[in-house]
Amino acid sequence: MKTALVLSGGGARGAYQVGVLKAIADMHPKHASNPFSIISGTSAGAINAVALASSANNFRLGVKKVEKIWATLHVNRVVKASAVELLKNGLKLSASFFNKGVARGRPLALLNNDPLREMLSQVIRFNNIQRRIDAGYLEALAITATSYATGNSVSFFQGNSDLRRWRHNKQIGVPTVLDVHHLLASSAIPTVFPPEKINRQYFGDGSLRQLSPLSPALRLGADRIVVIGVRGHSKTSIVARRDHMPSLAQTMGHIFNSAFIDSLENDLDHLLRVNELLGVIQNEAPHFMGGPMRPIDTLVIRPSVDFDKLAGEHICDLPRGLRTALKAMGAGNKSGGGNLASYLLFESAFCKELIQYGYSDAMAESEAIRSFFALPPLK
């Protein structure tokens, strides 16, 4: 049975995934290897996926390495966020209108993510991925990005030699040797981070056109799936949300939710309905052959944290330039725009809290997790 880990996008919310993985690692033996045959990541989830895959020989150590990345994170390690830099990029965006919206030189974006490129190149040993695959600790790693040229959702995967490329509708699987370019492409939030060029095409955030986030893992042969969601549990009342017209930050936050979260939730609902249908068929007609369709055992961990509220409390941690820009857009608890801030709050204090929430939520589901991985119950 091949177990897959699916890590969705969500910007800074990706720190929550680390907390869940930390709890799962603590439930396994101390020196256990990676329990996932297949790891599939998109956007921020792609960074976590690659970091885990490169240390697949020791699951707990791999999670600690990923935790260190998030726990020591600061915005200036991800983007150049000074007031001068923001103003310069804003002027370039405005100037592009006189060039039919096309950039001259660097791709257009509000933020320069060169620091992220440098950090990922330093902290992730991409050469280890193939070593872990060859040693049998991992069968495949997939990173999904969106092609601006074709609109296709492209899953770049590295794995065993018997895996083949695929094409279905607008979804494509391409075998390759993964590197920092694929990570930057998968996490390039439109207009926020610049697109990344791979071969002759520019790619952006993988969540944009990924209508079936579970598909790469299934096409790579997964029989069971662990999904860590990043949809927060909002405690804001409906009445409170009707106090004012939606701010720009609030509007963009909903757009980000649609890209990063809604597709995953819809795909999960579809998978669960198919599982139920196959269960009914097997009960009514035990000898019926379902063809390629098969039940997929699924474990889903969902956040209990209110991302909007928590982000509103941490906006003060951001550099002044970015903080001012977000507040001007209405990113705060009072204006209902904390949602947008939760995707961009690459600060250690915020990330550490998310890691702790992820750990607590997973521990609350410890019985289900132990049962899924066939681990002995706590004594």
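Residues numbered from 1 in each chain as written. Predicted model: local features only at pLDDT ≥ 70, side-chain atom pairs only at ≥ 80, totals over all residues. Heavy atoms only, no water.

Any details on the pairing of strand 6 (residues 171-175)? Residues and values, ideally.
For strand 6, a buried count of four out of five residues is recorded, marking the element as mostly surrounded by other parts of the structure. When strand 4 (residues 153-159) meets strand 6, the two strands line up parallel, connected through five bridges. Residue pairing across strands places valine 154 opposite isoleucine 172, the latter belonging to strand 6. Where strand 5 (residues 166-168) and strand 6 come together, three bridges link them in antiparallel fashion. By the bridge assignment, arginine 167 is partnered in strand 6 with isoleucine 172. As consecutive antiparallel partners, strand 5 and strand 6 are separated by two residues, and within that stretch asparagine 169 has a phi angle of approximately 55 degrees, a positive value. (Buried < 20%, exposed > 50% of the residue type's maximum accessible area, 1.4 Å probe, protein only. Helix = DSSP H or I, 4+ residues; strand = E, 2+ residues; numbered from the N terminus. Pairing = 2+ DSSP bridges.)

An account of the pairing of strand 2 (residues 38-42) is needed here, citing residue identities and associated values.
Within strand 2, five of the five residues are buried, which leaves the element mostly enclosed by the surrounding structure. Burial of strand 2 is two-sided: the residues Ile38, Ser40 and Thr42 facing one way and the residues Ile39 and Gly41 facing the other way are all buried. Summarising the sheet, strand 1 (residues 3-7) and strand 2 pair through four bridges and their orientation is parallel. Directly across from leucine 5, in strand 2, lies its bridge partner isoleucine 39. Traced from strand 1 through helix 1 (residues 14-27) to strand 2, the parallel crossover comes out right-handed. Where strand 2 meets strand 3 (residues 140-147), five bridges bridge the pair, whose relative direction is parallel. Within the sheet, the bridge partner assigned to isoleucine 39 lies in strand 3 and is leucine 141. (Right-handed = clockwise from strand over helix to strand, strands pointing away.)

I'd love a proper account of the nonpolar core, names of residues and values included.
Within the largest apolar cluster, 95 residues are counted, with the highest numbers of intra-cluster contacts made by Trp70 and Leu141. Ranked by residue count, the leading element in this core is helix 1, at nine residues. Leucine 141 has contacts with Ile39, Ala49, Val50, Ala53, Ile129, Phe156, Phe157, Gln158 and Leu178, leaving out every residue within four places of it along the chain. Residues Ala140, Ala142, Leu220 and Leu271 belong to the second largest nonpolar core, which totals 18 residues. (Core = buried A, V, L, I, M, F, W, Y, C linked by side-chain atoms within 4.5 Å. Contact = heavy atoms within 4.5 Å.)

Can you explain the pattern of salt bridges? Please cite residues and give values.
A side chain of one charge can pair with a side chain of the opposite charge when the charged atoms of the two come close. Under the defined criterion, the tally for this structure stands at eight salt bridges. Across the salt bridge formed by lysine 2 and glutamate 139, the nearest N and O atoms sit 3.2 Å from each other. With lysine 2 in the segment before strand 1 and glutamate 139 in the loop between helix 6 (127-134) and strand 3, the pair connects residues that are 137 residues apart, well separated along the chain. You can call lysine 2 partly exposed: its relative accessible area is 28%. On the basis of relative accessible area, glutamate 139 is assigned to the partly exposed category, the value being 26%. Among the ionic pairs, lysine 22 bridges to glutamate 67, the shortest N-O distance being 3.1 Å. Placement of lysine 22 in helix 1 and of glutamate 67 in helix 3 (residues 59-71) is noted, with a sequence separation of 45 residues between them. Accessibility expressed as a relative area gives 28% for lysine 22, which makes it partly exposed. (Salt bridge = Lys/Arg side-chain N within 4 Å of Asp/Glu carboxyl O.)

Outline the environment of glycine 19, listing residues and values.
Residue placement: glycine 19 occurs in helix 1. Those residues within four positions of glycine 19 in sequence are excluded, and the remaining contacts are Ile355, Gly358 and Tyr359.

If you had to explain the packing of helix 2 (residues 44-54) against helix 3 to someone new, which residues and values would you point to?
Taken N-terminus to C-terminus, the directions of helix 2 and helix 3 make an angle of 140 degrees; their axes are 9 Å apart at the nearest point. Overall, the two elements helix 2 and helix 3 adopt an arrangement that is oblique. Seen along the crossing, helix 2 lies across helix 3 with a hand that is right-handed. Contacts between helix 2 and helix 3 involve Ala44, Asn48, Ala51 and Leu52 from the first element and Phe59, Gly62, Val63, Val66 and Trp70 from the second. Looking at the contact of helix 2 with helix 3 residue by residue, the classes come out as seven nonpolar, two polar and no charged. (Axes fitted to C-alpha atoms, helices over the stretch in contact; angles between N-to-C directions. Parallel < 35°, antiparallel > 145°, perpendicular 65-115°, else oblique. Left-handed = near helix turned anticlockwise from the far one by under 90°. Nonpolar A, V, L, I, M, F, W, Y, C, P; charged D, E, K, R; others polar.)

Which residues make up unusual backbone geometry, and what values do they have?
A positive phi angle, near 60 degrees, is found at asparagine 199, a position not held by glycine. Within the fold, asparagine 199 resides in the loop between strand 7 (196-198) and strand 8 (201-205). When its relative accessible area of 71% is taken as the criterion, asparagine 199 is described as exposed. Even without a glycine there, the phi angle at alanine 374 is positive, about 55 degrees. The exposure class assigned to alanine 374 is exposed, which follows from its relative accessible area of 67%.

Before we move on, could you go through a positive patch on the surface and cite the residues and values that matter?
A cluster of like positive charges, contributed by Arg165, Arg167, Lys170 and Arg209, occupies part of the molecular surface. Judged by relative accessible area, which is 55%, arginine 165 ranks as exposed. (Patch = residues over 30% accessible without salt bridge, like charges linked within 9 Å, V, L, I, M, F, W, Y side chains within 5 Å. Areas by Shrake-Rupley, 256 points an atom, 1.4 Å probe, with all protein chains shown as cover. Lys, Arg positive; Asp, Glu negative; His and termini not counted. Charge placed at Lys NZ, Arg CZ, Asp CG, Glu CD.)

Please give an account of helix 11 (residues 307-314) that cites residues and values.
Every buried residue belonging to helix 11 is among Phe307, Asp308, Leu310, Ala311 and His314, and all of these are buried. Buried residues along helix 11 cover an arc of 165 degrees about the axis, so they all sit on one side. Its side-chain oxygen at 3.2 Å from the backbone nitrogen of aspartate 308, aspartate 306 defines the N-terminal cap of helix 11. (Arc of directions from axis to C-beta. Polar contact = N/O pair within 3.5 Å; in protein donor to acceptor, adjacent residues only side chain to side chain.)

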